[in-house]
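Now for the letters of each chain:
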Amino acid sequence: MYLVLLGPPGAGKGTQADLLSRNRDIPHISTGDILRSAVDEETELGEEAREHMERGDLVPDEVVIGITRQRLAADDVADGFVLDGFPRTVRQAESLDSIMQQDMDGSLDVVINLDVPETELIRRMTGRRICPTCGRNYHLVFNAPRSLGECDECGSDLIQREDDKESVVRQRLQVYQKSSKPLIDYYDDLGLLVNVDGRGSVEQVYEAIEDLIG
Ligand code: AP5
Ligand code: MG
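Since the structure is predicted, the reported quantities are computational estimates derived from the model, not experimental observations.

A. Broad picture of the site of ligand 1. As a structural note, the neighbourhood of ligand 1 is formed by 35 residues, with Thr15, Arg88, Arg128, Tyr138 and Arg172 the closest of them. The separation between an oxygen atom of ligand 1 and a polar side-chain atom of Thr15 is 2.5 Å. Interatomic distance of 2.6 Å between a backbone N/O atom of Tyr138 and an oxygen atom of ligand 1. Protein burial of ligand 1: of its 1000 Å² of free accessible surface, 97% is covered by the chains. Elements with a contribution of two residues or more to the shell around ligand 1: α1 (13–24), α2 (31–40), β6 (137–139) and α8 (202–213).

B. Examining the pattern of salt bridges more closely. Applying the stated criterion to the full structure yields 21 salt bridges. Note that Arg128 and Asp164 form a salt bridge whose closest N and O atoms lie 2.8 Å from each other. Here the residue Arg128 occupies a position in strand β5 (residues 128–130), and Asp164 occupies one in the loop between β6 and α7 (166–189), the gap between them amounting to 36 residues. Neither Arg128 nor Asp164 differs from the other in exposure class; each is buried. Close ionic contact of Glu162 with Lys165 constitutes a salt bridge, the shortest N to O distance being 3.9 Å. Shared partners join several salt bridges into a network, and the residues in it are Arg128, Arg161, Asp163, Asp164 and Arg172.

C. Looking closely at the environment of Asp61. For Asp61, the location among the structural elements is in helix α4 (residues 61–71). In this structure, the C-alpha to C-alpha distance between Asp61 and Arg88, residues 27 residues apart in sequence, is 8.8 Å. Look past the residues within four positions of Asp61 in its chain and what remains in contact with it is Thr89, Arg91 and Gln92.

D. Molecular detail of the state of the cysteines. The final tally for this structure, using the stated rule, is 0 disulfides. Not engaged in a disulfide, the cysteine Cys134 finds its nearest cysteine sulfur in Cys151; these two sulfurs lie 3.6 Å apart. The structure places no disulfide on Cys154, whose sulfur is separated from the nearest cysteine sulfur, that of Cys131, by 3.5 Å.

E. Representation of α8 within the structure. For α8, with 12 residues, the first-to-last C-alpha span of 17 Å sits near the 16 Å given by 1.5 Å per residue. Turning to α8, its buried residues are Val205, Tyr206, Ile209, Glu210 and Ile213. Buried residues along α8 cover an arc of 135° about the axis, so they all sit on one side. Exposed side of α8, more than 90 degrees from the buried face: Glu203, Gln204, Glu207 and Asp211 are the residues found there.

F. The arrangement of the sheet that holds strand β3 (residues 81–84) in detail. Strand order in this open sheet of 5 strands is β2-β3-β1-β4-β7, and the pairing throughout is parallel. In the strand order of this sheet, the two ends are held by β2 (28–30) and β7 (193–197), each with one partner. Within this sheet the neighbouring strands show an average axis-to-axis angle of 25°, counted without direction. Note: β2 against β3, 3 bridges, orientation parallel. Across the sheet, the residue bridging to Ser30 is Asp84, located in β3.

G. Looking closely at the pairing of strand β4 (residues 110–115). Burial analysis of β4 places 5 of its 6 residues in the buried class, the great majority of the element. Inspection of the sheet shows strand β1 (residues 2–6) paired to β4 by 4 bridges, in the parallel sense. Each residue of the ladder has a partner; that of Leu3, found in β4, is Val110. As paired elements, β4 and β7 share 5 bridges and run parallel to each other. Its bridge partner being in β7, Asn113 is matched across the sheet by Asn195.

H. Summary view of the packing of helix α5 (residues 90–104) against α7. The geometry of α5 relative to α7 is characterised by a closest axis approach of 9 Å and an angle of 40° between their N-to-C directions. In terms of their interaxial angle, α5 and α7 are classed as oblique. Between α5 and α7, the residues in contact are Val90, Ala93, Glu94, Leu96 and Asp97 and Pro182, Leu183, Tyr186 and Tyr187, respectively. When grouped by side-chain class, the residues that make up the contact of α5 with α7 number 7 nonpolar, no polar and 2 charged.

Rules and cut-offs
- Residue positions within a chain follow its written sequence, with the count starting from 1.
- Ligands are numbered from 1 and chains lettered from A, in the order in which they are written.
- It should be noted that, the model being predicted, local features are given only for residues of pLDDT at least 70 and side-chain atom pairs only at 80 or more, the latter also being counted only at that level, while totals for whole chains, interfaces and linings use all residues.
- As a convention, hydrogens and water are excluded, and side-chain values are obtained from all of the structure's heavy atoms.
- Summary of the distance rule: residues count as near a molecule or strand when at least one heavy atom falls within 4 Å of that molecule or strand.
- Throughout this description, a polar contact denotes any pair of N or O atoms lying within 3.5 Å of each other; where both atoms belong to protein, one of them has to be capable of donating a hydrogen while the other can accept it, and for residues adjacent in sequence the pair is counted only when both atoms sit in side chains.
- All accessibility values rest on the Shrake-Rupley procedure with a 1.4 Å probe; residue burial counts only the protein chains present in the view.
- Secondary structure elements follow DSSP: runs of H or I of four or more residues count as helices, runs of E of two or more count as strands, with numbering from the N terminus.
- Here, a salt bridge means any Lys or Arg side-chain nitrogen found within 4 Å of an Asp or Glu carboxyl oxygen.
- With a 1.4 Å probe rolled over the protein chains alone, any residue whose accessible area is under 20% of its type maximum counts as buried; one over 50% counts as exposed, and the rest are partly exposed.
- We call two residues contacting when some pair of their heavy atoms lies within 4.5 Å.
- Throughout, a disulfide means two cysteine sulfur atoms within 2.5 Å of one another.
- Helix span, expected: 1.5 Å multiplied by one less than the number of residues in the helix.
- The arc under discussion is defined with respect to the helix axis, by the directions toward the C-beta atoms.
- Two strands make a pair as long as DSSP finds a minimum of two bridges between them.
- In this analysis, axes come from line fits to C-alpha atoms, helices being fitted only over the stretch in contact, and the angle between any two N-to-C directions falls in the range 0 to 180 degrees.
- Oblique is the label for every angle not falling under 35 degrees (roughly parallel), over 145 degrees (roughly antiparallel), or within 65 to 115 degrees (roughly perpendicular).
- Each residue receives one of three labels: charged for Asp, Glu, Lys and Arg, nonpolar for Ala, Val, Leu, Ile, Met, Phe, Trp, Tyr, Cys and Pro, and polar for the others, Gly being one of them.

This is the structure in structure tokens:
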């Protein structure tokens, strides 16, 4: 199954994509994770992306489309994927359609839009901790690791994301309102959009998604 998760920063895209990926045995592809690794490794891509990410702005379309095209050329996407954080603009969505048609002879099955109010988004992002090794997401209160400060999966020390400072969080929310909302209309018009209330617990939201996509 080819799935896309849409939703504002902090809505739970990464958390739900991770569960969908494990339970359905399809790769979880996050452009945010790919870009953060590139920044950490100080590659050319990372150097280009860094300033945009630190400000809470989008990385230019052509850069992100190039990364995604390359990732979707791998063999592991033959039976499906869950895309998290891409597309984020209508131009990216149009490129995804053409990459899937031309290179994969396929098309998206469903686009899940996670809806969460802004006060909750800020609470989620400021309490978030991530594993720098395997990328798993946690929250200090809502989704705590078994051992404080350590990843359940690989034992690495958890860190806070650079862009989870409150000023950057607010800019990311504004950018989302402007650039990414038209995507909801784009996918609605194509009949692919499914809205999910993202306010419940991680497990409740996951069950709601599974019920809707079958
Ligand atoms: P990206 O990494 O994609 O960040 P984002 O979209 O801002 O979303 P987040 O990762 O912050 O939130 P999420 O929805 O994944 O929530 P999570 O599951 O972690 O992008 C970062 C930057 O990279 C962008 O700003 C941009 O610069 C660049 N970029 C990336 N893709 C791009 C693209 N396509 N085009 C251009 N630029 C791009 O959950 C949040 C927290 O809440 C966690 O702590 C989690 O444990 C907790 N939580 C999750 N679910 C629940 C729940 N149900 N109840 C309580 N807590 C919960
Ligand atoms: Mg994420």
